[in-house]
Amino acid sequence: MSNYQLDYLDQLESEAIHIMREVAGQFERPALLFSGGKDSITLVQLALKAFRPGKFPFPLVHIDTGHNFPEALAYRDELAEKLGERLIVRNVADTIKARNLTEPKGKFASRNALQTFTLLDTIEEFEFDALIGGARRDEEKARAKERIFSVRDEFGGWDPKRQRPELWNIYNGKIQKGENVRAFPISNWTELDVWNYIRRENIGLPSIYFAHEREVLEHEGQLVAISPFIRLDEGDKITKKQVRYRTVGDMTCTAAVESQAFSIEDIIREITATKTSERGETRIDDRISEAAMEDRKKNGYF
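Sequence positions are assigned chain by chain, starting from 1 and proceeding in written order. Owing to the predicted nature of the model, reporting of local features is limited to residues with pLDDT of at least 70; listing and counting of side-chain atom pairs is limited to 80 or more, with chain, interface and lining totals taken over all residues. To obtain the side-chain values, all non-hydrogen atoms of the structure were used and water was disregarded.

Novice: What am I meant to see in the overall build of the chain here?
Specialist: For the chain, the helix and strand inventory stands at 10 helices and 10 strands. Burial statistics for the chain: of 302 residues in total, 55% are counted as buried. Every accessible area reported is derived by Shrake-Rupley at a probe size of 1.4 Å, with residue values counting cover from the shown protein chains alone. A total accessible area of about 14100 Å² is found for the chain, and carbon and sulfur atoms account for 49% of it. Only DSSP runs of H or I covering at least 4 residues are called helices, and only runs of E covering at least 2 are called strands; the numbering of each starts at the N terminus. Only protein chains enter the accessibility calculation, which uses a 1.4 Å probe; a residue whose area is less than 20% of its type maximum is buried, one above 50% is exposed, and one in between is partly exposed.

Have a look at this one:
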């Protein structure tokens, strides 16, 4: 790796650590959203650099839809135990029962929209005033509009017009009672930056990020993992393919890509050659409408 690339990663790392320390310094009850995906794993690595040898000044929080990849959940639990950090898990299934919500139906019945209810209930339960997340501006149009400190109202809603200026790395975390801030330390990173950082730091990952053989359903040009959470119809084409995942969401709404990438070096070569963003290529739920993500964010989604 060139000196320029090392310097660039150092700059991104320094900015992210500064943001994490700002969150810890400005808020009374922050938390870090952790799913076992590569971006939240990167956040944990940055938190280790920001706060060790002390404990994290926030718990790890996962909003579990019940439709997650088992490999990501196993990684989540193992890492939290290894680090000795507090992990809070709240389940969408419990929220569905408690609020008498309607379970989504259809071929790919995603609970993503219902995650918002569980997230907002969790914020209220623990009185979190800031949530650190791994969203990046290169992922999707709505996320490109976010500031690093994104203020949410008392209902968890996001208003792009309420975004605050962030000049000279000064972040304004002042909020009213009931409001909270979503903080994005790796906002300025790209997918390739994340992978270069994972390579440099030698960070372990769930196995699904690397090429493996899996039964998949070929649907409208996408490869969806066969699982108990999708509805199979007569005539569906099920095949075994060598695939990997660029992003890890629910099994109901995250498609795989065919791949021969068995190492991080291989993955970096693949990403360098592609012209499609990870969400654009693999997230089924983002195809609902042009403004699907922005609509969810306005309602309280991360």
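Novice: Is there a simple way to explain the pattern of salt bridges in this structure?
Specialist: Put simply, a salt bridge is a Lys or Arg side-chain nitrogen that is within 4 Å of an Asp or Glu carboxyl oxygen. Considering all chains together, one arrives at 28 salt bridges under this definition. Where Arg136 meets Asp138, a salt bridge forms, and the shortest distance between an N and an O atom there is 3.0 Å. With a relative accessible area of 32%, Asp138 lands in the partly exposed category. Between Glu218 and Lys241 there is a salt bridge, and its shortest N-O distance comes to 3.9 Å.

Novice: How should the sheet that holds strand β7 (residues 212-219) be read in this particular structure?
Specialist: Two modes of strand pairing occur in sheets, parallel and antiparallel, and in both the strands are linked by backbone hydrogen bonds. Pairing between strands requires that DSSP locate at least two bridges from one strand to the other. In spatial order, the strands read β7-β8-β10-β9; together these four strands close into a barrel with antiparallel pairing. The mean inter-strand angle of the sheet, taken between neighbouring strand axes irrespective of direction, is 65 degrees. In the sheet, β7 pairs with strand β9 (residues 238-244) via six bridges, with the strands oriented antiparallel. Note that in β9 the partner of Val216 across the bridge is Thr239. Axis definition: a line fit to C-alpha positions, over the contact stretch in the case of helices; interaxial angles, taken between N-to-C directions, run 0 to 180 degrees.

Novice: Is there a simple way to think about the layout of surface pockets in this case?
Specialist: Summary: where empty space remains is shown by rolling a probe the size of a single water molecule over the atoms. Cavities and pockets were defined on a 1 Å grid built over protein atoms only: a cavity is a set of grid points that admits a 1.4 Å probe from which the probe cannot escape, a pocket is an open set flanked by protein on both sides within 12 Å along at least five of seven lines, and lining residues are those with an atom within 4 Å of any such point. Grid points are joined across faces, edges and corners, and a volume is the space filled by probe spheres set on the points. One number sums up the size of the largest pocket: a volume of about 550 Å³. What lines the largest pocket is a set of 23 residues, and nearest its centre among them are Glu127, Phe128, Lys177, Gly178 and Glu179. Residue contributions to the lining of the largest pocket peak at four residues, all from helix α5 (residues 112-126). Residue composition of the lining of the largest pocket, grouped by class: six nonpolar, six polar and 11 charged. Here the term charged refers only to Asp, Glu, Lys and Arg, the term nonpolar to Ala, Val, Leu, Ile, Met, Phe, Trp, Tyr, Cys and Pro, and the term polar to all other amino acids, Gly among them.

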